[in-house]
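Structural overview
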Amino acid sequence: AVHGARLLLIDLMVTAAVLVATTAAKPQLAQLLSRATDLETSAGDTTSGIHGPFPLSTDGWRECVAGWEHVQKKWKSLGLIAHPYPKSAHAHVPACRALAMQPALLREMRAVIGTDDLIVATMSVLVKEVGWEHRWHTDVENAIDRTRCNDTSWTVWLPLDGAAPDSSMLMVSHSHGARDFAQAKLHKQCKVCEGGDFSSLWRRGGQLAKVARREVSPHAALVQLAAADTQAWAFRGATWHASFNNASSRKTRTAVQMHFMPTRCKFRSDSGLENAPELPTPERQRPPGIGAVLPPVIPLQGKASATLRGSGEEATHNNWMFPDEPEPAVVDATFDRTPKRKRDCAAATFAPDTPLKSLAHDLNAGGWVDKLCKLKSGVDAGAGIVDKSKCKTHQLTGHSAGAPIMEYHTSKLRKNFAAHEMRTHEEIELVYVLRGSILISLKQRGEHTKTLYRRTLDAGDLAYYPGWQPHSLLSVEHAQAVYLAIRFLGNQPVSVEERETDSVVVWRRSDTAESDLAEAGQPTRLRHSSSLHLSVSGGELRGPHGSTAGAGHDQLLLATRGEVLYGGADGKMRTLTAPGTLFVPAGAPLTLSPAPGPPPLLVSINFTEPRRRGTVRGLQQASTDGAPSPGAVHPAGAVVPRHPGATPRAARAHALSPGALRKKYGVDEKGRAHRPLPGGGRAGAAPTAAPATASTHPPAASWSQRLGEPVA
C-alpha cells in the first residue's frame, strides 16, 4: 500500500507540474512519467520489477565494444563455425566477460534472484545514435523456458557512455506479471525508429501503463530511468520497456545489457517471437518460435552447487562455457578407426552390376526404429563409455570405384546418453534423424575452442559436417533418439590444409514437402577438392520415369516419406518404404516410380570424384540464386556436362581461373551470371532459358519429373 501511495504521489506531482507548464509538447509527455529514482533502491523490495540504480565498474568497455565488433565482422577468419549469436559478447570477448562477471554485479543478481547458482545467458553491446528509438517490447530471452524460469530472470542495463535524462529507457513497472509481450499489445510499431519526435513512444507507454493497471497490478506506472554512465539498472526480464536517444542529447549512447537467470533454466535462441511461446509438451519440448541453436552461457556456481558436467538431465540444458577451465578433450580416431573402417569396407565391392536389391534397406524393418533400446549392464553415460549405451544396426559397409569407404548405419540412443566422446576422423559425415532429437556439438578453432557450436537436430533434419571437425552427439528431450549416420571418403586423401577448415550445413524437415531442400529449388553442392564432391537435393517424386543407362557417380537415395518403386538391370520393380535407403553405384541403371498413394519424398545424395588435385579453402556451398556451377550433379543422378565440346584444358581453365569463366562463359566460379545471357537472363540472376554454354537445374517442384533421365 505504501509503495502504491508513493507512485500515486509521484503521478500527482508530475500532473501538477504539467498544469503550470507554459509549453505544450514536452509537459504533455511529462504528465505520463514518474522518475524511477525513488521507485526502488533496495534489493529487499522488488515487487515493482525495477531495481537500482547501483554503481558498477566500466573499465575496459572500449575494448569490449571494439572486440565484439571485430568478432561479428571477422568470425569466419577467427575459426567460428557460424555467425555468433547476436547477444553472446560475454562468450567471445574477454573484456565483455569481465564487465558481465564483476563481483559487484553478481552480488546484486544473487540478491534479487535469490540463488547463488546463476548463468550469464546473454550480453548485448548497444550503440544508439542520436535520434534513435526502440519500440515497446519484451525481451524474448526471458520467456523461452516458462515452465522452469517464469519470473526468475533479470536484465541489467549498464550505460557506458552518453547516457543522460534525454537518452534513457522507459518502463512500465509491475508489467513483468503480464502474460503477453508488450509488442503484442501495441500493433503497427516501427521496431527501430529514427528521426522521430518520440511523442508516440511516451503516448504508447501511457497506453501500456493503463493496460498493466487493469490486467496486472493497480500500482503499475510509466517510469523513466534516471540514466547516468556507470549507474546500472536491473529489471525483471519480462518487463515492458522501450529505449530512446533524444536528438537534444547530441551524443551517441553506448551501453551493455545482460540477462541473468538460474542455472536450471533452458536458454535457447528464438525465431522471431512476437509473443510468449506455447508451453512445452512431452511430444514437443521446443514449441514453435524457439530456435534449435544453443547460444553459449557462462555458469556462476555458488558454494553449494553440484557439478554441471555430470550425466544427469540438468547437465544437458545449456551450452555451458567454463572460461577458467581447459577446453573440451578430443579423441583423434583418424589413425585407428579410419584404417579399420577401410579394411572393413574393402570386403564388399559396389559395382554397376551389383543387384540393387542388396543395396536397398528398410530402416524400420520389424519396427526396429520404434522399439526402445535396452541398456547394457554397467553402462555409465557420465563416465564416457560410448558404444555400449546405444543399439546399432549396420545397413551398408563397402567400397566403390570412387569411394574406398561408403558406410552407413542406424543407431538408437536413450535420453541424455552420448553416442561417443568428442571425436575426429578422416571420413566426411552426414546424419539424418529418424526419431527424437539429437544435440550435435562441434568444437571451434582459433581463440574460441571453449565455445562450442551446439544445435538440436529434430526428426526429419539432415546435417553435414567434415569428420575432422571435433564432434559429438547427444540424445535429448525425448525418451530415445534414432539416427542414420553416413560416412564416406574419396580415393584422394584429405589434405592437411583442408583439415584446418570446418563447417556445418543443416537441412530441416527433409521428411516434409516444405523441407529446406525443396524450398531451395536447386541442389546444395558441397565439395572438398581432395576428397568427394557432394550434391544434396530433394523433393516429391511424381509420375513414372524411364530407365537411364546409369550416372557417372555414386548416389544414395533416402526415402523420407511414402513408398518408391525402383528397378535395376533385371527390370523388376521393388518397393522402398520410408524410412529407407537405396545406394546406386556409378554406372548402374535405375528406374524410379512413385507407389500408389501420396507422392513420396526423396533426398538425393550424389558423390563425385574431383577432376583435379588442389586445395579448396573451406567448405564451398554453391549459390542458389544464379546459374548452377558447371560440372554440378543433377538431382536425378545425371552429370551435367561442363560445357559442350569443352576440352580437358578448357575444363582446367574453368576450374582454376574465375577470369576465364567470366570471359568465356559469362559466369563466375560459383556459376552466377556476369553478363546478359541468351534467353533473356540478366546478370546476377538465374537465366529464364538455358543458354548454350551453361546448364540449369529444374526447380524444386519439377526436378523429380526428370529423375533418371539425362540432362540436355
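The rules we used
Residues numbered from 1 in each chain as written. Predicted model: local features only at pLDDT ≥ 70, side-chain atom pairs only at ≥ 80, totals over all residues. Heavy atoms only, no water. Helix = DSSP H or I, 4+ residues; strand = E, 2+ residues; numbered from the N terminus. Buried < 20%, exposed > 50% of the residue type's maximum accessible area, 1.4 Å probe, protein only. Contact = heavy atoms within 4.5 Å. Areas by Shrake-Rupley, 256 points an atom, 1.4 Å probe, with all protein chains shown as cover. Pairing = 2+ DSSP bridges. Axes fitted to C-alpha atoms, helices over the stretch in contact; angles between N-to-C directions. Phe/Tyr/Trp six-rings, centres within 6.5 Å; stacked < 30°, edge-to-face > 60°. Lys NZ or Arg CZ within 6 Å of the ring centre and 35° of its normal. Disulfide = S-S within 2.5 Å. Salt bridge = Lys/Arg side-chain N within 4 Å of Asp/Glu carboxyl O. Polar contact = N/O pair within 3.5 Å; in protein donor to acceptor, adjacent residues only side chain to side chain. Arc of directions from axis to C-beta. pLDDT = per-residue confidence, 0-100.

1. What about the overall build of the chain?
Helix and strand counts for the chain come out as 13 helices and 35 strands. Counting across all 712 residues of the chain, residues that qualify as buried make up 57%. When contacts within the chain are restricted to residue pairs at least 6 apart in sequence, those whose partners lie at least 24 apart make up 80%. Looking at the chain as shown, the accessible area adds up to about 29300 Å², and 53% of this sits on carbon and sulfur atoms.

2. Overview of the sheet that holds strand β5 (residues 154-161)
Read across the sheet, seven strands follow the order β2-β9-β5-β11-β3-β13-β14 without closing on themselves; strand pairing throughout is mixed. Lying at the two open borders of the sheet, with one neighbouring strand each, are β2 (50-55) and β14 (319-320). As judged from the seven bridges shared by β5 and strand β11 (residues 253-262), these two strands associate in the antiparallel manner. When the sheet's bridge partners are listed, Asp-161 is paired in β11 with Thr-254. Sheet strands touched by helix α3 (residues 61-73): β3 (118-128), β5 and β11. Its angle to β3, the strand with the most contacts, is close to 85°. This element, helix α6 (residues 103-113), spans β2, β3, β5, β9 (231-236), β11 and β13 (296-300) of the sheet and lies at about 45° to β11.

3. Some remarks on the packing of aromatic side chains
Under the defined criterion, the tally for this structure stands at four aromatic pairs. Measuring from centroid to centroid gives 6.2 Å for Tyr-85 and Phe-267, while their planes differ by 80°, and the two rings are edge-to-face. Of the two residues, Tyr-85 sits in the loop between α3 and α4 (89-92) while Phe-267 sits in the loop between β11 and β12 (293-294), which places them 182 residues apart along the sequence. According to the relative accessible area criterion, Tyr-85 is buried, its value standing at 15%. Aromatic pair Trp-202 and Phe-244: ring centres 4.9 Å apart, planes at 55°, arrangement tilted. A residue pair is termed long-range when its members are at least 10 positions apart, and Trp-202 in helix α9 (residues 199-215) and Phe-244 in strand β10 (residues 241-245) qualify at 42 residues. Across the ring face of Trp-368, the terminal group of Lys-412 is positioned such that the distance to the ring centre comes to 4.3 Å.

4. Regarding the state of the cysteines
Under the criterion given, the structure shown has three disulfides. Covalent S-S linkage joins Cys-64 and Cys-96, the inter-sulfur distance amounting to 2.0 Å. Here the S-S torsion is close to 100°, and the disulfide linking Cys-64 with Cys-96 is therefore right-handed. Residue Cys-64 is located in helix α3, and its partner Cys-96 is located in helix α5 (residues 94-100); the two are separated by 32 residues in the primary sequence. Assigned by exposure class, Cys-64 and Cys-96 land together as buried. Sulfur-sulfur distance for the disulfide between Cys-373 and Cys-391 comes to 2.0 Å. Taking the sign of the S-S torsion, 85° for the link of Cys-373 and Cys-391, the bridge is right-handed. On the criterion of sequence distance, the pair formed by Cys-373 in the loop between β16 (360-362) and β17 (390-398) and Cys-391 in strand β17 is long-range, its members being 18 residues apart.

5. Focus on the environment of His-70
Its place among the elements puts His-70 in helix α3. The exposure class of His-70 is partly exposed, given its relative accessible area of 42%. A sequence separation of 23 residues divides His-70 from Val-93, and the C-alpha atoms of the two residues are 9.6 Å apart.

6. Let's talk about the pattern of salt bridges
All told, the structure shown has 17 salt bridges when counted by the stated rule. A salt bridge links Arg-487 to Glu-429; the nearest nitrogen and oxygen atoms lie 3.8 Å apart. You can see Arg-487 sitting in strand β25 (residues 480-489) and its partner Glu-429 sitting in strand β20 (residues 428-435), a full 58 residues away along the chain. Judged on exposure class, the residue Arg-487 and its partner Glu-429 are both buried. Here Asp-516 makes a salt bridge to Arg-509, at a shortest N to O gap of 3.4 Å. Owing to a relative accessible area of 17%, Asp-516 belongs among the buried residues under this scheme. On the basis of relative accessible area, Arg-509 is assigned to the partly exposed category, the value being 28%. Residues joined in a network through salt bridges with shared partners are Asp-180, Lys-185 and Glu-215.

7. Details of the side chain of His-471
Structurally, the position occupied by His-471 is in strand β24 (residues 471-476). By relative accessible area, His-471 is classed as buried at 1%. Looking at His-471, its side chain comes within polar contact range of the side chain of His-425, at 3.5 Å. In this structure the side chain of His-471 is engaged in a polar contact, spanning 2.8 Å, whose partner is the backbone oxygen of Gln-469.

8. Re the sheet that holds strand β31 (residues 573-577)
Strands sit in the order β31-β30-β33 across an open sheet of three strands; the sheet is antiparallel. Edge positions in the open sheet fall to β31 and β33 (591-594), since each of these has one partner strand only. Each neighbouring strand pair of the sheet contributes to a mean axis angle of 30°, computed without reference to strand direction.

9. A look at helix α10 (residues 337-345)
Every α-helix carries 3.6 residues per turn, so stepping three or four residues along brings you back to the same face. All buried positions along α10 are accounted for by Thr-338, Arg-341 and Cys-345. Buried residues along α10 cover an arc of 60° about the axis, so they all sit on one side.

10. Structural notes on the confidence of the model for the chain
Do not read the predicted coordinates in detail wherever pLDDT is low. Mean pLDDT over the chain: 74, with 69% of residues reaching 70 or higher. Within the model, pLDDT remains below 50 along residues 381-386, and this stretch shows 10 contacts once partners closer than five positions in the same chain are excluded. The model gives residues 612-712 a pLDDT under 50, and that stretch makes 195 contacts with residues more than four places away or in other chains.

11. Quick look at the environment of Ala-360
Inspection of the secondary structure assignment puts Ala-360 in strand β16. On the basis of relative accessibility, which here comes to 19%, the residue Ala-360 falls in the buried class. In this structure, the C-alpha to C-alpha distance between Ala-360 and Leu-396, residues 36 residues apart in sequence, is 9.0 Å. Leave out the neighbours within four places in its chain, and Ala-360 touches Tyr-566, Leu-576, Thr-581 and Leu-582.

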